[in-house]
Amino acid sequence: MPTRSDSPADTAEAESNREFDTKSFLKQLTERPGVYRMYDTNGNVLYVGKARNLKKRVTSYFRKSGLAPKTEALVSRINSIEVTITGSETEALLLEQNLIKSLRPPYNILLRDDKSYPYIYLSSHDDYPSLTFRRGRTKKGGGTWYGPFPSSGAVKESLNILQKIFRIRSCSESYFRNRTRPCLQYQINRCTAPCVEFITPEDYREDMRHATMFLEGKNPAILKDLMAAMETASKNLEFEKAAAYRDQINHLRHVQEQQSVDGEGGDADVVAIAQDAGVVCIVVIIVRGGRVLGTKDYFPRYSIEQSEGELLSAFLGQYYFGGSTRREIPPDILVPVDVDGQELLSQALTELAGRDTRVRKNVRGERRRWLELAMTNARQTLLSHLASKETVYRRLLALRDLLDLAETPSRMECFDISHSHGENTVASCVVFDENGPLKSDYRLYNIEGVTAGDDYGAMRQVLTRRYKRMVAGEGKRPDLVFIDGGKGQLNIAREVFDALEITDIPLIGVAKGVTRRAGMEQLIDAMTGDLYRVPADSPALHLIQHIRDESHRFAITGHRARRDKKRRQSTLEGIEGVGPKRRRDLIRYFGGIQELRKASVDEMSKVQGISRNLAETIYAVLHDE
């Protein structure tokens, strides 16, 4: 069991009216495993963490360099630290999750507790048990519980299948006892009317056995049983019974075809992660008996800059150890990246489950496809979340308040420049409105007549082209304009606005900041020179990041398309006197454009149909003379 240390090394709480004595605290800190808690000057817990070696782990927060900016922000608020020694890393992991659940520190990843999860409940009725939807598992009434399922929709879908194929009753006990004639479920072939004994207890028990096998993922065994029963009924000339078995087989096979994963079998939780614009989405796909039972999406709140492996480690700890209801732990937990403390997690899960459990990344075959399915779900769910009206509206309100705008912006434009060493320069303009990205209004501008690599000149050209038309009455007027760049690009944008006498559109620069890390952006108001440093978890910043990232993506896409088009076009095209036949003869003679570049004028003139004058022209074009 964890033991609370009484030594200064293990419970060091500095007084709020004096600075935390880091040096003396670290000097006396133990090297044993345990949990540490960081507090601010008001005694509020900031962060809870675990460590194999408390001294090494806590010391790492106070090194002079190499800390992520968000971690630096955490350290700057620390006024005291308390530690609890544990007997093992596993105990430290369990204690950490319990403390996170009870204290809910702002710098930890916080996962909402679902309180109770949906189950399918098999009642304890002797002759005619029912299968019903239940939320939360209790010990009252006996019976058998199947689950938990990832969502109520997954339970209802499974019950719907069971009623269609096996016609198991789903009514309450009081309703069942008081029936004198069959209900509507019987009329639509969803029940066999056990309430009025239209089916014998033996036959109903057989249907229930198949239904429970279905819930356990034993579909091949059910099919084998049903086919044998159908053949027996046919031999006994019980054709109606044989037809009923045939319908059950067809329904079951149809269900198997609809399952997106099937074949290899086995139980697993498949966990995937996607992050963008300051938002993290984690998707868990529940697979039992080779069948996907459903998915669950999570959007954990986090404040410290962390890798995907660190985020997943924190999530899995809370997911399996931190909830009020114990979750079913499968033999395999599949993840897309290496998870911090992966072996420790596997060990702790094995102890909790009472059998071998592995957290695995490198999988093949069916399990690889499950993982790819989860990754696709995570990316799509994140995109949907970012594009949802509720999310966008909340971010727009936060942006309005941040920039002190008179009204909520309904049209925002952002500009970015992309090129390769100054060549094929392209500028992008992306547009967001109250519904998110307005892709129909996106525009790409090919930049011409600007010195290679001159981003300022490119920015001046695209802004002039875009807003000169607006001033002339063409094109829509934005409420807010973002420039992806620092003060240099922003000054150019201001000069363009001044020249065009645009004074009523706010112009904001999005600079990456000194560290150039996501979440540490600085916003600059071109008109007032005001500098905004926005908290990393601000909805307004997330919206700006989304707009900036979209303009960056669109610019790169346009640049690559222009570059690839130029590459696909033969260098010989456009040379007067060199048509398709002569191009083909030149390439065939020299074996390729690279060898042709190496050839002299004399060598080129040896090709049939190529005069010396034409060879000199070709040579000049190939060598930019």
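Residues numbered from 1 in each chain as written. Predicted model: local features only at pLDDT ≥ 70, side-chain atom pairs only at ≥ 80, totals over all residues. Heavy atoms only, no water.

What follows concerns the overall build of the protein chain. When helices and strands are tallied, the protein chain shows 21 helices and 20 strands. Here the protein chain holds 625 residues, and 48% of them are scored as buried. For the protein chain, contacts bridging at least 24 residues in sequence account for 62% of all contacts bridging at least 6. (Helix = DSSP H or I, 4+ residues; strand = E, 2+ residues; numbered from the N terminus. Buried < 20%, exposed > 50% of the residue type's maximum accessible area, 1.4 Å probe, protein only. Contact = heavy atoms within 4.5 Å.)

Below, the discussion takes up the packing of aromatic side chains. As enumerated under the stated definition, the model contains 14 aromatic pairs in all. Relative to Tyr 319, the ring of Tyr 298 lies with its centre 5.8 Å away and its plane at 85 degrees, an arrangement referred to as edge-to-face. One end of the pair, Tyr 298, is in strand β10 (residues 291-298); the other, Tyr 319, is in helix α11 (residues 308-321), and 21 residues separate them in sequence. By relative accessible area, which is 5% here, Tyr 298 ends up buried. Residue Tyr 319 is classed as buried on the basis of its relative accessible area, which comes to 6%. It is Arg 169 that lies over the ring of Phe 176; its NZ or CZ is 4.0 Å from the centre. (Phe/Tyr/Trp six-rings, centres within 6.5 Å; stacked < 30°, edge-to-face > 60°. Lys NZ or Arg CZ within 6 Å of the ring centre and 35° of its normal.)

So, about the confidence of the model for the protein chain. Residues at a pLDDT of 70 or more form 85% of the protein chain, whose mean pLDDT is 80. Confidence, expressed as mean pLDDT per element, reaches its minimum in the protein chain at strand β1 (residues 11-12) with 39 and its maximum at strand β11 (residues 332-334) with 93. Taken as a whole, residues 1-18 scores under 50 in pLDDT and shows 45 contacts with residues more than four places along the chain or in a different chain. In the predicted structure, residues 257-263 sits below a pLDDT of 50 and forms twelve contacts with residues beyond four places in sequence or in another chain. (pLDDT = per-residue confidence, 0-100.)

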